[in-house]
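Residues per chain are reported as follows:
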Amino acid sequence: MIIHDRIAEQLPEWRDRVATLTRQHGKFKICDVTVEQIYGGIRGVQIQVTDISYLNPLEGIYLRGYSIGDVLNFLPCEQGAEYPLCGGLYYLLTVGSLPTLEEAREVEQEWQLRSQVPKHVFDVINVMPPQTHPMTLLSAALTALQTDAVFPQHYNNGNGKADYWKYFLDDSLTLIGRLMTVAAYIYNWKYQQRKYIAPDPALDWAANFAHMIGRDSKDYQELSRLFFLIHSDHEGGNVSAHTGHLVCSALSDVYLTCAAAMNGLAGPLHGLANQECLRWLLKVYDHFRGLPSEEQLSEYLQAQLDAGGVIPGYGHAVLRTTDPRFTVQVDFANKYLPEDEIFRLVQMVYAVLPPLLKKQGKVKNPWPNVDAINGALQHHYGVDQFDFYTVLFGVSRILGITAHAIWSRALMKPIERPKSLTTRMLEEMVGLPPGA
Ligand code: CMX
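None of the values given here were measured: they were computed from a predicted structure. (Residues numbered from 1 in each chain as written. Predicted model: local features only at pLDDT ≥ 70, side-chain atom pairs only at ≥ 80, totals over all residues. Heavy atoms only, no water.)

(A) Structural view of the overall build of the chain. From N to C terminus, the chain includes 20 helices and three strands. Against the globule reference of 22 Å for 436 residues, the chain gives a C-alpha radius of gyration of 22 Å, in line with a compact fold. In terms of principal-axis extent, the alpha carbons of the chain reach across some 70 × 65 × 45 Å. Looking at the 436 residues of the chain, the share that counts as buried comes to 52%. Here the contacts in the chain between residues at least 6 apart in sequence split such that 75% fall between residues at least 24 apart. By element, 54% of the accessible surface of the chain is carried by carbon and sulfur atoms, the whole surface being about 19,900 Å². (Helix = DSSP H or I, 4+ residues; strand = E, 2+ residues; numbered from the N terminus. Rg over C-alpha atoms; globule rule 2.2 N^0.38 Å. Buried < 20%, exposed > 50% of the residue type's maximum accessible area, 1.4 Å probe, protein only. Contact = heavy atoms within 4.5 Å. Areas by Shrake-Rupley, 256 points an atom, 1.4 Å probe, with all protein chains shown as cover.)

(B) Region of the structure containing the packing of helix α11 (residues 218-230) against helix α19 (residues 389-410). Where α11 contacts α19, the two axes come as close as 7 Å, and the packing angle between them is 55°. In this view, α11 runs oblique relative to α19, as classed from their interaxial angle. Considering only the axes of α11 and α19, their crossing is right-handed. Counted together, F227, F228 and L229 of α11 and L392, F393, V395, S396 and L399 of α19 form the full contact between these two elements. For the contact of α11 with α19, the class distribution of residues is seven nonpolar, one polar and no charged. (Axes fitted to C-alpha atoms, helices over the stretch in contact; angles between N-to-C directions. Parallel < 35°, antiparallel > 145°, perpendicular 65-115°, else oblique. Left-handed = near helix turned anticlockwise from the far one by under 90°. Nonpolar A, V, L, I, M, F, W, Y, C, P; charged D, E, K, R; others polar.)

(C) Broad picture of the site of the ligand. Close contacts around the ligand come from 18 residues, with R43, I311, G313, Y314 and K364 the closest. At a separation of 3.5 Å, an oxygen atom of the ligand approaches a polar side-chain atom of H316. One of the side-chain nitrogen or oxygen atoms of N369 is found 3.0 Å away from an oxygen atom of the ligand. Protein chains bury 72% of the 910 Å² of accessible surface belonging to the ligand in isolation. For the shell around the ligand, the per-class residue count stands at eight nonpolar, six polar and four charged. (Near = heavy atom within 4 Å. Polar contact = N/O pair within 3.5 Å; in protein donor to acceptor, adjacent residues only side chain to side chain.)

(D) Molecular detail of a nonpolar patch on the surface. On the surface, V33, V35, I38, Y39, L421, M425, M429, V430 and L432 cluster together into a nonpolar patch covering about 850 Å² of accessible area. When residues of the nonpolar patch are traced back to their parent elements, those giving at least two are α2 (35-39) and α20 (423-430). Following the sequence through the fold, M429 ends up in helix α20. (Patch = residues over 30% accessible without salt bridge, like charges linked within 9 Å, V, L, I, M, F, W, Y side chains within 5 Å. Salt bridge = Lys/Arg side-chain N within 4 Å of Asp/Glu carboxyl O.)

(E) Expanded view of the sheet that holds strand β2 (residues 60-63). Taken in spatial order, the three strands make up an open sheet running β1-β2-β3, and their pairing is antiparallel. Unpaired on one side and paired on the other, β1 (53-56) and β3 (66-67) mark the two borders of the sheet. Across four bridges, β1 lies against β2 in antiparallel orientation. Each residue of the ladder has a partner; that of N56, found in β2, is G60. (Pairing = 2+ DSSP bridges.)

(F) Main features of the pattern of salt bridges. For the structure on display, the rule yields 18 salt bridges. Note that R114 is salt-bridged to E110, the shortest N-O span being 3.0 Å. We note that R114, like E110, is buried. Across the pair R178 and D148 runs a salt bridge, and its minimum N-O distance is 2.8 Å. Of this pair, R178 sits in helix α9 (residues 164-191) while D148 is found in the loop between α7 (134-145) and α8 (151-156), placing the two residues 30 residues apart along the sequence. Relative accessible area serves as the criterion here: at 11%, R178 is assigned to the buried category.

If you want it as structure tokens, here you go:
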């Protein structure tokens, strides 16, 4: 398989680079850690290395050195499509360079060959109560898919760790090949009376999701490609990527790694936030029984901030600018749904809210993040079940999580084991008496 060969070609050089850094510069100090950082979610502490992506606070995410705009411009598209193939993105994330159209298609074909989901995975979903959150179903389905993992067999056979990455790649391709059917099954099971639509082998991975949930318009296929491309990775320190990395370091295979990462993504401060954004936008729209004037919106938002409210879709732990993933979705909406009133409300909030947040002076980033518009686009195409949005996010993020996992094994990273201290130890270090 093409990804396998391309990684294998690069590995001697990569392993050499890491060996040189650790052998010759192993004691070089990167940063100090403060008490504030320990209690503040280890924010900003530089404790990881990944070459899959890097988040520049002032410019947004770079995937293998390419900005979101470059990713959309330079990755190959199928004839007649506006947005690139996700197979091409996966080649970029895993191999590190831009693929040709043929190479992108080869990845897509590989996913398709592996796409048959074992029956017991559907059975696991079927026995859950109907009110189960879709992220719980996704997590359970990923764990159920693990029965087909090849890595544990190779590990038990005593195969050398220099080759583990090959089995992680193999498992990743199978997992991703099956992921769309699982995600669509969850959607149909929850919201469309359990109907089943088989994948269409003529469609690419992203467009197939659109097809399997009964949205066959070209426009929604384009939105699916765009959505799954731009949410795929956001460097290594966010909760889902960090969780995935930690679990994978114990040599848990990619299924277990991705299930753990999805459990992190399901938290309301991380991926689940996107379901809140549309809920909030619709609440504002209902409040005004339509679009408000800018003055009305400004007063409404100010009152919400004065009452200590948090406006969904604004702020970010690392970014200090408008998220470029927000901007490219605005571009999509301007082309495909310019008159949609919820999209117009998104634009009004973007015009009105940042100055208010700046004036309030609390939030470090007064600009919109990716979630400020995601839901509005899905809503336009009738995918208005808020609690499903994190599954969409998760499907895309698994492209990044598995790429990290493959390279962690390729570079033979060890099990993670940071050290914890006690409160008393910290008090002693800073010269405080016990319980001062
Ligand atoms: N509206 C109002 N106040 C906000 C705010 C917002 N959107 N975002 C942050 N603040 C407030 C915080 O509540 C905090 O107030 P206190 O000091 O009273 O506790 C203050 O501003 C400082 O927060 P911060 O350091 O700027 O933000 P954090 O790094 O702590 O949190 C985030 C980042 C995203 C959790 C936060 O901005 C937030 O809750 N935003 C809304 C939810 C959201 O859009 N989440 C999506 C995140 C996207 C992603 O994970 O990729």
